[in-house]
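# Survey of secondary and tertiary structure
Here are the chains, one letter per residue:
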Amino acid sequence: MLSERQMEILNLARAQRRVSVDELAEKFSVTSQTIRRELNDLCQRQMLQRVHGGAVMLSGIENVSYDSRRVLAPDAKRRIGVKAASLIPGNCALFINIGTTTEQVAHALTNHVGLVAITNNINVANILRPAHRIEVIIAGGVVRRSDGGIVGEATVDFINQFKVDYAVIGASAIDPDGTILDYDYREVWVSQAIMRNARQVILVADAMKFRRSAPMRIAHFSQINVFVTDEELPQPLARIAAESGVQVEIAAD
């Protein structure tokens, strides 16, 4: 788990795009050596990239490692998961795709009754497997070693066999113009298939995604039905939501 200071360093890096050793040492009243150790640890976890005199956010072409994503904003993701699960009734069918936030939705669904959950996420399948009143169907395809996601053309073909009531999808970034983004084109294909084959699409993403970038387009914000997050939307996204009739749910503390 990240320390409180490391979380603050990450938040500063997201806001400023770059942090320096000297500024951080002064802010936290610690030595430069202490800050260097903190930055080195964050870089080893693939959360920051080391540069001379400090660190910067990773480029927008590669995602943070799965283990690192799991410890980013865990409380926000848990709250988002609970809120999203509360919007899904029992006795329905749904897709749940790849992501640490969608996994929190799965945790919150374990007491639901009569669900058929179709997923391309091995972790989601394992979370829901012990729930006796939920049937779990797992997609075929290539298993991505990094996070247990199942992706590729075979996965898309599998998803296309279904028409479900709800889809719970995640994203790596949300652009101010409403573009929903990800890193892996194979995962994007699956997400697009999931959206096409669901009557209601629920996007779950913490506010960190407003400040990130990724190269692959999943869809546009106007194409979803519900957005569950942990903070008020930036004004451009709030305007798109209002104009498109997207229901916004804030998972408050």
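All of these numbers come straight from a predicted model, not from anything done at the bench.

In this section: the environment of Ile-150. Tracing the chain through its elements places Ile-150 in strand S8 (residues 150-151). Ile-150 sits 68 residues away from Ile-218 along the chain, and the two C-alpha atoms are 16 Å apart. Among residues more than four places away in sequence, those in contact with Ile-150 are Ile-98, Asn-120, Ile-122, Ile-138, Ala-139, Gly-140, Gly-141, Val-142, Val-143, Thr-155 and Val-190.

Among the nonpolar cores identified, the biggest contains 34 residues, and Phe-95, Ile-174, Leu-203, Phe-221, Ile-224 and Phe-227 are the most heavily contacted of them. At the level of secondary structure, the elements contributing two or more residues to this core comprise strand S4 (93-96), helix H8 (153-159), strand S9 (164-169), helix H9 (185-196), strand S12 (198-204), strand S13 (216-220) and helix H10 (235-244). Top element by residues in this core is H9. It accounts for 5 residues. Setting aside anything within four residues of it in sequence, one finds Leu-203 in contact with Ile-169, Gly-170, Ala-171, Ile-174, Ile-180, Phe-221, Ile-224, Val-226, Phe-227 and Val-228. Counting residues in each nonpolar core, the second largest holds 24 residues, with Leu-115, Ala-117, Ile-127 and Leu-128 among its members.

A separate point is the sheet that holds strand S10 (residues 173-174). With antiparallel pairing, 3 strands are arranged side by side in an open sheet as S10-S11-S13. Unpaired on one side and paired on the other, S10 and S13 mark the two borders of the sheet. Here 2 bridges tie S10 to strand S11 (residues 179-182), and the two strands are oriented antiparallel to one another. When the bridges of S11 are listed, Ile-174 appears paired with Ile-180.

Further remarks concern the pairing of strand S6 (residues 134-138). Alignment of strand S5 (residues 115-119) against S6, held across 5 bridges, turns out to be parallel. Paired with Val-116 across the two strands is Glu-135, which belongs to S6. Since S5 and S6 lie parallel, the crossover through helix H7 (residues 122-128) that links them has a hand, and here it is right-handed.

All right, on to the packing of helix H1 (residues 4-16) against helix H2 (residues 21-28) then. At a closest axis distance of 12 Å, the pairing of H1 and H2 adopts a crossing angle of 130 degrees. In terms of orientation, H1 and H2 fall into the oblique class. The interaxial crossing formed by H1 with H2 has right-handed handedness. On H2, the residues that touch Arg-5, Glu-8, Ile-9 and Leu-12 of H1 are Leu-24, Lys-27 and Phe-28. Grouping the constituent residues of the contact of H1 with H2 by class yields 4 nonpolar, no polar and 3 charged.

Before going further, it helps to examine the domain arrangement of the chain. Interface size is commonly expressed as the accessible surface area that is lost when the partners come together. When the domains of the chain are assigned, the result is domain 1 (4-59) and domain 2 (68-250). Using only C-alpha atoms to locate each centre, domain 1 and domain 2 end up separated by 30 Å.

The next thing to look at is the packing of H2 against helix H3 (residues 32-44). Taken N-terminus to C-terminus, the directions of H2 and H3 make an angle of 110 degrees; their axes are 9 Å apart at the nearest point. One element, H2, and the other, H3, form an angle in the roughly perpendicular class. Considering the relative orientation of H2 and H3, their crossing is right-handed. For the pair H2 and H3, the contacting residues are Val-21, Asp-22, Leu-24, Ala-25 and Phe-28 in the first and Ser-32, Ile-35, Arg-36 and Leu-39 in the second. Looking at the contact of H2 with H3, its residues break down into 6 nonpolar, 1 polar and 2 charged.

The rules behind the values
- Residues numbered from 1 in each chain as written.
- Predicted model: local features only at pLDDT ≥ 70, side-chain atom pairs only at ≥ 80, totals over all residues.
- Heavy atoms only, no water.
- Helix = DSSP H or I, 4+ residues; strand = E, 2+ residues; numbered from the N terminus.
- Contact = heavy atoms within 4.5 Å.
- Core = buried A, V, L, I, M, F, W, Y, C linked by side-chain atoms within 4.5 Å.
- Buried < 20%, exposed > 50% of the residue type's maximum accessible area, 1.4 Å probe, protein only.
- Pairing = 2+ DSSP bridges.
- Right-handed = clockwise from strand over helix to strand, strands pointing away.
- Axes fitted to C-alpha atoms, helices over the stretch in contact; angles between N-to-C directions.
- Parallel < 35°, antiparallel > 145°, perpendicular 65-115°, else oblique.
- Left-handed = near helix turned anticlockwise from the far one by under 90°.
- Nonpolar A, V, L, I, M, F, W, Y, C, P; charged D, E, K, R; others polar.
- Domains from an automatic or database assignment.

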